[in-house]
Amino acid sequence: MKIRVAINGYGTIGKRVADAVALQDDMEVVGVTKTKPDFEARIAAKKFDLYLAKGENAELFAKAGIETCGNLEDLLTKADLVVDCSPDKFGVENKKVYEKLGIKAIFQGGEKKEVAEVSFNALANYDQAKGRRFVRVVSCNTTALARLIYVLKMNFKIGRVRATILRRIADPKEDKKGLTNAIMPDPISLPSHHAKDVKTVLPDVDIVTTAFKLPTTLMHVHSLSIEMKEKVDREDVISALEGEPRIMLVSEADGFTSTAKIIEFAREFRTRYDLFENIVWLESIALDGNDLFVTQAVHQEAIVVPENVDAIRAIFGVEKKLSIEKTNKSLRIGEKNF
Ligand code: NAD
């Protein structure tokens, strides 16, 4: 029996999660919701059964000639689980409907951690989501930090982690908030919320973060410094990171000089140029005394997608290794294409 998955909110994250779920042999997408009858709704309706996120918009869809199968509640009665991909802070409102209908739900990182019983990262704390009803997949930045820190922590004795997060101001499609020529410390009074969020999945990590918004849309970049509590060689760090499929090492020597080049590379082999992996620059891995330095780039639109797929399986009690392997294979994560 396949897990029947509903996607509520079909924007940047929702459309990618829907496509990823459709690729799994143990899941099916029973429907997706849209709020407006725009070109995205037309595309969605060609791929999946389309439902109304807001029932009151039925006439607008009918007028636009877009066929819908019912409202959100109709969709949820056909599903075993809903992945809520609505905008920040809408998930907590939608939760009232999920509670009323007794359906399991996954929320995204734009929600407060209190929305769910557990915050989730597949590598860091998969088992804690097993059998839960409400799970929150942490944000793109937290996912990337948690993966990297988890791998280092499993291989070496680490101390304090300091991370500076250079955040893309908006996603490429966002035409309302993307126009700026400034760099904004966000927040100006330190630290940023990301460290606290990392602790929702890795509670015993000593971490402090700062963050800045930059006028770019392609990717985030993280500069990390990690105190090593044991003698470590650079080669050991490289081989630990190479051993994790959800981390991809790229090299300046190969032409990866910026996020622009990383995205250009992804355009060659991934739909929507989605990079599900942390992209770590090989040359950035350096040791200065006890301090390890690493710089990584994060494709914010894609990195949480495999985590959502694994969160679905975790809720239904599937074993961690099996789920991660299935997700990686179906999304071609860890395939070296160059
Ligand atoms: P988005 O704005 O691209 O998509 C949200 C979609 O939900 C839109 O299609 C919108 O029309 C629809 N919607 C609006 N109100 C709704 C409602 N009441 N019920 C259902 N759907 C509704 O947003 P996004 O970037 O996909 O973000 C979704 C969630 O994922 C947020 O919590 C966000 O913080 C998180 N997230 C976003 C990114 C990113 O970089 N975009 C990365 C990681 C996590």
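For the structure itself, look to the data block above.
What comes next is a walk through the structure. (Residues numbered from 1 in each chain as written. Predicted model: local features only at pLDDT ≥ 70, side-chain atom pairs only at ≥ 80, totals over all residues. Heavy atoms only, no water.)

1. Brief notes about the overall build of the protein
Move 1: A tally of helices and strands in the protein yields 12 helices and 15 strands.
Move 2: What you see for the protein is a C-alpha radius of gyration of 20 Å, in line with the 20 Å of a compact globule of 338 residues.
Move 3: When each of the 338 residues of the protein is scored for burial, the buried share is 54%.
Move 4: Pairs at least 24 residues apart make up 72% of the contacts formed inside the protein by residues separated by at least 6 positions.
Move 5: Of the accessible surface of the protein, which amounts to about 15300 Å², a share of 51% is contributed by carbon and sulfur atoms.
Move 6: Distance between charge centroids for the protein: 3 Å, based on 51 positive and 50 negative side chains. (Helix = DSSP H or I, 4+ residues; strand = E, 2+ residues; numbered from the N terminus. Rg over C-alpha atoms; globule rule 2.2 N^0.38 Å. Buried < 20%, exposed > 50% of the residue type's maximum accessible area, 1.4 Å probe, protein only. Contact = heavy atoms within 4.5 Å. Areas by Shrake-Rupley, 256 points an atom, 1.4 Å probe, with all protein chains shown as cover. Lys, Arg positive; Asp, Glu negative; His and termini not counted. Charge placed at Lys NZ, Arg CZ, Asp CG, Glu CD.)

2. Some details on the site of the ligand
Move 1: Near the ligand lie 23 residues; those nearest to it are Ile-13, Thr-35, Asp-88, Asp-171 and Lys-173.
Move 2: Lys-34 places a polar side-chain atom, nitrogen or oxygen, 3.3 Å from an oxygen atom of the ligand.
Move 3: Coverage of the ligand by the protein amounts to 86% of the 830 Å² it exposes when considered alone.
Move 4: Tallied by class, the residues present in the shell around the ligand amount to 8 nonpolar, 10 polar and 5 charged. (Near = heavy atom within 4 Å. Polar contact = N/O pair within 3.5 Å; in protein donor to acceptor, adjacent residues only side chain to side chain. Nonpolar A, V, L, I, M, F, W, Y, C, P; charged D, E, K, R; others polar.)

3. Remarks on the pattern of salt bridges
Oppositely charged side chains may form a pair once their charged atoms are brought near each other.
Move 1: Throughout the structure, instances matching the rule amount to 30 salt bridges.
Move 2: Among the salt bridges present, the one from Asp-186 reaches Lys-213, with a minimum N-O distance of 3.6 Å. You can see Asp-186 sitting in the loop between strand 9 (184–185) and helix 8 (194–198) and its partner Lys-213 sitting in strand 10 (residues 207–214), a full 27 residues away along the chain.
Move 3: The class for Asp-186 is partly exposed, based on a relative accessible area of 21%.
Move 4: Among the residues examined, Lys-213 registers a relative accessible area of 23% and is labelled partly exposed.
Move 5: Through salt bridges with shared partners, one network takes in Asp-26, Arg-147, Arg-246, Glu-307, Asp-310 and Arg-313. (Salt bridge = Lys/Arg side-chain N within 4 Å of Asp/Glu carboxyl O.)

4. What about the pairing of strand 12 (residues 247–250)?
Move 1: Covered by surrounding structure in strand 12 are Ile-247 and Leu-249 together with Met-248 and Val-250, the residues of both alternating faces.
Move 2: Of the pairings in the sheet, the one linking strand 12 to strand 13 (residues 278–281) comprises 4 bridges and is parallel in character. Bridge assignment links Ile-247 to a residue of strand 13, and that residue is Asn-278.
Move 3: The parallel pair strand 12 and strand 13, bridged by helix 10 (residues 259–267), forms a crossover whose chirality is right-handed. (Pairing = 2+ DSSP bridges. Right-handed = clockwise from strand over helix to strand, strands pointing away.)

5. Describing the sheet that holds strand 7 (residues 134–137)
Move 1: In spatial order, the strands read 3-2-1-4-5-7-6; together these 7 strands make up an open sheet with parallel pairing. Lying at the two open borders of the sheet, with one neighbouring strand each, are strand 3 (50–52) and strand 6 (118–120). Shown here is a sheet whose adjacent strand axes are inclined to one another by a mean of 30 degrees, direction ignored.
Move 2: Pairing between strand 6 and strand 7: 3 bridges, direction parallel. (Axes fitted to C-alpha atoms, helices over the stretch in contact; angles between N-to-C directions.)

6. Quick word on the environment of Arg-234
Move 1: Of note, Arg-234 is situated in helix 9 (residues 234–242).
Move 2: Taking the C-alpha atoms as reference, Arg-234 lies 17 Å from Val-161; in sequence the two are 73 residues apart.

7. As for the packing of helix 11 (residues 305–315) against helix 12 (residues 320–331)
Move 1: Following both chains from N to C, one finds helix 11 and helix 12 inclined at 140 degrees, their axes separated by 9 Å at the closest point. Here helix 11 is positioned oblique relative to helix 12, judged by the angle of their axes. As helix 11 runs across helix 12, the sense of the crossing is right-handed. Residues Val-305, Pro-306, Val-309, Asp-310 and Arg-313 of helix 11 pack against Ser-323, Ile-324, Lys-326, Thr-327 and Leu-331 of helix 12.
Move 2: Among the residues forming the contact of helix 11 with helix 12, the class breakdown is 5 nonpolar, 2 polar and 3 charged. (Parallel < 35°, antiparallel > 145°, perpendicular 65-115°, else oblique. Left-handed = near helix turned anticlockwise from the far one by under 90°.)

8. Digging into the packing of helix 7 (residues 140–155) against helix 9
Move 1: One way to put it is that helix 7 packs onto helix 9 with a least axis distance of 10 Å and a crossing angle of 120 degrees. Between helix 7 and helix 9, the interaxial angle falls into the category oblique. Crossing angle aside, the handedness with which helix 7 passes helix 9 is right-handed. The residues of helix 9 that touch helix 7, namely those facing Leu-148, Val-151, Leu-152 and Asn-155, are Val-237, Ala-240 and Leu-241.
Move 2: In the contact of helix 7 with helix 9, the residues fall into 6 nonpolar, 1 polar and no charged.

9. Some remarks on the packing of aromatic side chains
Move 1: Counted according to the given criterion, the structure contains 6 aromatic pairs.
Move 2: Arranged with centres 6.3 Å apart and planes meeting at 70 degrees, the rings of Tyr-10 and Phe-48 form a pair that is edge-to-face. Separated by 38 residues along the polypeptide, Tyr-10 in the loop between strand 1 (3–8) and helix 1 (12–22) and Phe-48 in the loop between helix 2 (39–47) and strand 3 bring together distant segments of the chain.
Move 3: Assessed through its relative accessible area of 11%, Phe-48 is described here as buried.
Move 4: When the centroid spacing of 5.1 Å and the interplanar angle of 90 degrees are considered together, the rings of Phe-256 and Phe-265 count as edge-to-face.
Move 5: For Phe-256, a relative accessible area of 6% puts it in the buried group.
Move 6: Overall, the relative accessible area of 13% leaves Phe-265 in the buried class.
Move 7: Members of the aromatic cluster, connected to one another through ring pairs, are Tyr-98, Phe-107 and Phe-134. (Phe/Tyr/Trp six-rings, centres within 6.5 Å; stacked < 30°, edge-to-face > 60°.)

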